[in-house]
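Structural description and commentary
Below are the chains, spelled out letter by letter.
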Amino acid sequence: MGANTSQVSDLSESQSIRNLIGPDAISENEPFWNQLISFTFTSPTCSADAKLLEEAVVPLAKTLIQNNPRSGNFGALVRVFLSRTKELKISTECQDQLFIWQAHNALFLVRCLLKVFIREMNEEELHLQFSYQERAPGTYDSICKDLLEELVCNLVHLIVEVPLLDITYNILFEAVTTLLVLLSYQLFHKEVLREGLIYGYLTRGRCLSLTSRLVKTLLYNFIRQEKCPAATHVLQTQSDGGGLLYGLASGVASGLWSVFTLGGVSSRPGAEQDQNPLPLSNQSLLLLLVLANLTDGADCPNPYRQAVTCFKNTQDSSSLPSPQPHTFQINFNSLYTALYEQQKSDQVTLLLYTLLHQNSNMRTYILSRTDMENLVLPILEILYHVEERNSHHVYMALIILLILTEDDTFNRSIHEVMLKNISWYTERVLTEISLGSLLILVVIRTIQFNMTRTRDKYLHTNCLAALANMSAQFRNLHQYAAQRIIRLVNQQLKHNKVLEQATQSLHGPLGADDRTVLPDYAQDLNVIEEVIRMMLEIINSCLSNSLHHNPNLLYALLYKRELFEQFRSHPSFQDIMQNLDTVIGFFSQRLEQAGSDLSVERVQEVIKKGAAALPKERLKVSAQIFMMIDRKTNSFKTHWINNSPSD
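These numbers come from a predicted model, not from an experiment.

Cut-offs and rules
Residues numbered from 1 in each chain as written. Predicted model: local features only at pLDDT ≥ 70, side-chain atom pairs only at ≥ 80, totals over all residues. Heavy atoms only, no water. Helix = DSSP H or I, 4+ residues; strand = E, 2+ residues; numbered from the N terminus. Buried < 20%, exposed > 50% of the residue type's maximum accessible area, 1.4 Å probe, protein only. Areas by Shrake-Rupley, 256 points an atom, 1.4 Å probe, with all protein chains shown as cover. Phe/Tyr/Trp six-rings, centres within 6.5 Å; stacked < 30°, edge-to-face > 60°. Lys NZ or Arg CZ within 6 Å of the ring centre and 35° of its normal. pLDDT = per-residue confidence, 0-100. Contact = heavy atoms within 4.5 Å. Expected span 1.5 Å × (residues − 1). Lys, Arg positive; Asp, Glu negative; His and termini not counted. Salt bridge = Lys/Arg side-chain N within 4 Å of Asp/Glu carboxyl O. Core = buried A, V, L, I, M, F, W, Y, C linked by side-chain atoms within 4.5 Å. Polar contact = N/O pair within 3.5 Å; in protein donor to acceptor, adjacent residues only side chain to side chain. Axes fitted to C-alpha atoms, helices over the stretch in contact; angles between N-to-C directions. Parallel < 35°, antiparallel > 145°, perpendicular 65-115°, else oblique. Nonpolar A, V, L, I, M, F, W, Y, C, P; charged D, E, K, R; others polar. Left-handed = near helix turned anticlockwise from the far one by under 90°.

Moving on: the overall build of the protein. Helix and strand counts for the protein come out as 28 helices and eight strands. In the protein, buried positions account for 56% of the 647 residues. Looking at the protein as shown, the accessible area adds up to about 28700 Å², and 49% of this sits on carbon and sulfur atoms.

Structural data, given as structure tokens:
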């Protein structure tokens, strides 16, 4: 590399690079460094080109690892970068693009080398690479400053101190990405890392005082959604969303993303991808999520999680001091807008989940919004395209719905929001439907997909929990939503019968040979019975609490009344059939009195009048089921309201 534009093929031939990785020490005061970091680089146009660049860097970095104990050139490169960070703020004010460009290039080289170092050595060995000086081979100065800590602290200072402008965009991106690289040790460990040098620098060292500023800056980087400048000395974005910096970071970023989302994988091919990536916004969000998910230390809680869980709205005029450390204020309206506009991204869904789950200020604000459909519709679209999404994205979307449905006001208000022509819902034309009915349709579709395809017990448990929370507040259900509720019960009952017959047949003469199949059948039966029972509970809750508000559900119930007769003799469902029997019997009698060959309109009229006439005392007030997440253990808690004990 040097003053000219470089290509991947130039790396191994570059005399400057060969001198950097060679055995001879180069003093940080020599003009060599200015020559080394005065380069531009032709950006890869696709991930394959970015991979070629990484492959080209690996052998060079390994050579440096061998020679660095003698030369100390890696430490010299880091010090060259650090010397330039001291002037970055002034350079920004003076629009000194050349200085910022060279500082960026130095950091870019450091980060490329670090990515290989971290793959090849543990933290202690990495620390030595920073400590080697120009002196006798294999020795290092134990008295000098901790250069690794200096780098970490300078990166944090750079992110929070340097304003985001066109000329600083790329170096800010590099600073964020380098911190991600430094935190990537988790990728090479199966167990959760709870300690470490870099962990200590960020959570207990000099960076601790900058915790709230770093979290706030990363959030604002996400909120601003700034696109990479169209053309600079350092980087040109590519039409397909490539780009040197973004491409190089994507491997580490996606890997870290999988670590902090239960080991999932990236979005499946075919899922909609952002064709105009926002590198700094995306990387800032990834770094924020990684920091917030660091484990608590032995003697101190994770300060970044504390900051994420307690920040307040800039419009919060409360003068009471916060009991939480690292608190700050941020514009909730801007954050809310960014959250719902970017929900197709896995990491944005994770941020929304994190804020709803852990930040009570943000959760209260979101639930108070009168435009809740802006947030809920993207979540429903994720679930509707469940076959195109990875499992952890679907789980997070469902848990977000579960958290929202813990609020009665939310459950009431979503039935008052009317929507028209939902373009992504293709199974049926919905010219007008309430947000609540659409939510029910999408959740039921997710249950059906899970029962026929993925067969994941926890997935349908989340779905049923959300429906259970909503059930007492069902209002004016769309006729299609009412039909789907009854149809789901019917489908599961059919599956139940098939499995019961299959199980009984295996107990015949061939049963002894096929006993290994029995546990699977028994498990499937238990799952199906759980779904049926929960759906009956949901219908029962709706009838007990809002029967007169749901004529379409009553119509669907009466249309399929023979279906529910089968549950009276089934031992698993007898105890929850009393209200259903009462309602079906009452309305069936009124329909008989109205005559035969009734039109749909006449049946609906009878149902509406009957709903007003049915004495409430004839319905047994059942305990209302209410499911929520325990925020300490992330487990489900089921509550039975109306003086029944909690389970």
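With the rule as written, the count across this model stands at 14 aromatic pairs. An aromatic cluster of at least three residues, connected via ring pairs, comprises Phe311, Phe328, Phe332, Tyr336, Tyr340 and Tyr365. The lysine or arginine in question, Arg445, covers the ring of Tyr384, its NZ or CZ lying 4.2 Å from the ring centre.

Right, let's get into unusual backbone geometry. Positive phi, normally seen in glycine, also occurs at Gln225, with a value near 50 degrees. In this fold, Gln225 is placed in the loop between helix H11 (211–224) and helix H12 (244–259). Not every positive phi belongs to a glycine, and Asn476 is a case in point at roughly 45 degrees. Tracing the sequence through the fold places Asn476 in the loop between helix H22 (457–471) and helix H23 (479–506). Judged by its relative accessible area of 55%, Asn476 falls in the exposed class.

On to the confidence of the model for the protein. With 80% of its residues at a pLDDT of 70 or more, the protein has an overall mean of 82. Of all secondary-structure elements in the protein, the lowest mean pLDDT belongs to H12, at 35, while H11 reaches the highest, 97. Every residue in residues 232–276 scores below 50 in pLDDT, and together they form 111 contacts with partners more than four places removed in sequence or on other chains. Residue range residues 640–647 is modelled with pLDDT below 50. Its contacts to residues more than four positions away, or to other chains, number 18 contacts.

We now examine helix H13 (residues 279–292). In a regular helix each residue adds 1.5 Å, so 14 residues correspond to 20 Å; H13 covers 20 Å between its end C-alpha atoms and thus fits that length. Most of H13 is tucked away, with 14 of its 14 residues classed as buried.

This next bit is on the environment of Leu148. As for its position among the elements, Leu148 is in helix H8 (residues 147–161). On the basis of relative accessibility, which here comes to 0%, the residue Leu148 falls in the buried class. Here the alpha-carbon distance between Leu148 and Leu197, two residues 49 residues apart in the chain, equals 8.9 Å. Residue contacts for Leu148: discarding those within four places in its chain leaves His127, Phe130, Leu182, Ile198 and Tyr201.

With respect to the helices and strands, Glu149 occurs in helix H8. The buried charged residue Glu149 lacks any salt bridge partner; its closest oppositely charged side chain belongs to Arg206, at an N-O distance of 4.4 Å. If near-sequence neighbours (up to four positions away) are discounted, Glu149 is found in contact with Tyr201 and Arg206.

This part takes up the nonpolar core. Core analysis: the largest hydrophobic core is formed by 204 residues, its most contacted members being Tyr425, Leu438, Ile485, Phe564, Phe567 and Phe587. Not counting residues up to four positions away in its chain, the partners in contact with Phe567 are Val489, Leu493, Ile532, Leu536, Phe573, Gln574 and Met577.

Turning to its location among the elements, Thr314 is positioned in the loop between strand S3 (312–313) and strand S4 (329–330). For Thr314 and Asn333, which are 19 residues apart along the polypeptide, the C-alpha to C-alpha distance reads 9.5 Å.

Here the focus is the side chain of Arg484. Within the secondary structure layout, Arg484 lies in helix H23. One polar contact links Arg484 to Gln448, side chain to side chain, over a distance of 2.8 Å. Among all residues touching Arg484, those that are not within four sequence positions of it are Glu427, Leu441, Ile444 and Gln448.

Okay, the packing of H13 against helix H14 (residues 303–310) next. Their axes nearest at 7 Å, the elements H13 and H14 cross at an angle of 110 degrees. The orientation of H13 with respect to H14, classified from their angle, is roughly perpendicular. On the side of H13, the interface is formed by Leu288, Leu291 and Ala292, while H14 contributes Tyr304, Arg305 and Val308. Within the contact of H13 with H14, the residues separate by chemical class into five nonpolar, no polar and one charged.

Moving on, we come to the environment of Leu435. Within the secondary structure layout, Leu435 lies in helix H21 (residues 435–454). Leu435 has contacts with Glu373, Val376, Leu377, Leu380, Ile414, Val417 and Leu419, leaving out every residue within four places of it along the chain.

Evaluation of the coordinates by the stated rule reveals 15 salt bridges. Here Arg224 and Glu226 are joined by a salt bridge, their closest N and O atoms 3.4 Å apart.

The next subject is the packing of H11 against helix H15 (residues 332–341). H15 packs onto H11 with a crossing angle of 55 degrees between their chain directions and a minimal axis gap of 9 Å. Classed by the angle they form, the pair H11 and H15 counts as oblique. Helix-helix and strand crossings are classified by hand; for H11 and H15 the assignment is left-handed. Note on element contacts: H15 touches H11 through Ser334, Leu335, Ala338 and Leu339, opposite Leu219, Phe222 and Ile223. Of the residues that constitute the contact of H11 with H15, the class distribution is six nonpolar, one polar and no charged.

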